[in-house]
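Per-entry structural report
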Amino acid sequence: MKYKKKYKKKSNSILYICIFLVILYILNKTLDPYKLRILNLCGIYVVLGLSLNLINGFTGLFSLGHAGFMAIGAYTTALLTMPPAMKEMNFFMQPIVPFLANVEWPFLQALLMGGLVSAMMGFFIGAPVLKLTDDYLAIATLGFAEIIRVVFTNLQGITNGALGLKGIPATTNVWWSWGMAILTILLLKYLMKGSYGIAFKSIKDDEIAAQAMGINLFKHKIMSFTIGSFLAGIGGGLLGNLLGTIDPNMFRFPLTFNILLIVVLGGLGSIKGTTVAAVIITIMMEALRFLDESINLGFVSFEGIPGMRMVVFSVLLMAVVIFRKEGLLKES
């Protein structure tokens, strides 16, 4: 009976994925380029939201350094996929370093390398700072993210400094963004059902009790942080090759705040909630753009206030924290 239920559940999951892929195919054929870009962003933010939820939601580590790992993934993927001629056009103030000048990789290999470099950086950053807890950990990770951004601004021969990179191949499409989103969902579901997932949740609930039960706190914290950094690098790589241009100022704290907003609204430790929240918030961010611009109703007009969208989202976040702490959906 137990195996029948397990088989039925797996069959249902496969059926849902097939139905979603059919819907995705129809949307890819019918939507205009602007709406397709929003659909792509929804998939990318699912990856980013789940990657941060693994760290903050499932393991209980308060990290604010996600934008830094996204930057590493975005720059690595962009530099490995850009044609040599386009690199030469970008690096006119100072030539690109020789070992990157003629490199041109396929997108999948470059994307995985972006994730691996982010994971490696996450491991080296996590090793010293994961001994901290709560607010101290948040400040430390935020500081490292800012260090990464400043370093990228000054590495003229590798990142092109403050000028950023333009002419990045627009390889990301709905199949790449949502394909990675589905793989991320499946990875987290598989991970959280196993012994590692139980250990992550135990650390979140009570570190002292988890340690008393024989759970290696440092090992599991660094594992969660490294996997989350890898997925953040994947999301950053997808984002860079969707937009076609990146610069260090893209990866400031507001970007981490957007992802944190998805995690909190969706529910800490909720895979379904994060997925739904990522789609809703990404669409709302575009739909509410009119708040940043002047509004003319005919009989009265209002001056636009830049950043009003984020005020609305901040109020929404406060309301959720006050009235529905578990988020849109309960823990999965």
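The structure this text deals with has already been given above.
A few points on the structure. Predicted model only: the values in this text are computed from it and were never measured.

With that settled, consider the environment of Ile 17. Its place among the elements puts Ile 17 in helix H1 (residues 2-30). Between the C-alpha atoms of Ile 17 and Arg 309, which are 292 residues apart in sequence, the distance is 33 Å. Apart from the residues lying within four places of it in its own chain, the contact partners of Ile 17 are Ile 182 and Leu 186.

The subject of this paragraph is a nonpolar patch on the surface. A surface patch of nonpolar side chains, about 480 Å² in accessible area, is lined by Leu 21, Val 22, Tyr 25, Ile 26 and Trp 175. It is H1 that contributes the most residues to the nonpolar patch, four residues altogether. Considering the arrangement of structural elements, one finds Tyr 25 in helix H1.

With respect to the helices and strands, the residue Ser 177 is situated in helix H9 (residues 174-193). Sequence-distant contacts of Ser 177, defined by excluding residues within four places in its chain, comprise Asn 40, Gly 43, Ile 44, Val 47, Thr 172 and Leu 238.

As a further point, take helix H6 (residues 107-129). The end-to-end C-alpha separation of H6 is 32 Å, in line with the 33 Å expected for 23 residues at 1.5 Å each. The complete set of buried residues in H6 reads Phe 107, Ala 110, Leu 111, Gly 114, Gly 115, Ser 118, Ala 119, Gly 122, Ile 125, Gly 126 and Val 129. For H6, the secondary structure elements touched by its buried residues are helix H3 (66-81), helix H7 (134-154), H9 and helix H12 (217-243).

Further remarks concern the nonpolar core. Formed by 84 residues in total, the largest nonpolar core has its most connected members in Tyr 45, Met 70, Leu 165, Ile 246 and Phe 251. In this view, Leu 165 contacts Tyr 75, Ala 78, Leu 79, Met 82, Asn 90, Phe 91, Thr 159, Asn 160, Gly 244, Thr 245 and Ile 246; residues no more than four positions away in its chain are not counted. Formed by five residues, the second largest nonpolar core is a distinct cluster that contains Ile 203, Ala 210, Ile 215 and Leu 217.

Rules used throughout
- Residues numbered from 1 in each chain as written.
- Predicted model: local features only at pLDDT ≥ 70, side-chain atom pairs only at ≥ 80, totals over all residues.
- Heavy atoms only, no water.
- Helix = DSSP H or I, 4+ residues; strand = E, 2+ residues; numbered from the N terminus.
- Contact = heavy atoms within 4.5 Å.
- Patch = residues over 30% accessible without salt bridge, like charges linked within 9 Å, V, L, I, M, F, W, Y side chains within 5 Å.
- Areas by Shrake-Rupley, 256 points an atom, 1.4 Å probe, with all protein chains shown as cover.
- Salt bridge = Lys/Arg side-chain N within 4 Å of Asp/Glu carboxyl O.
- Expected span 1.5 Å × (residues − 1).
- Buried < 20%, exposed > 50% of the residue type's maximum accessible area, 1.4 Å probe, protein only.
- Core = buried A, V, L, I, M, F, W, Y, C linked by side-chain atoms within 4.5 Å.

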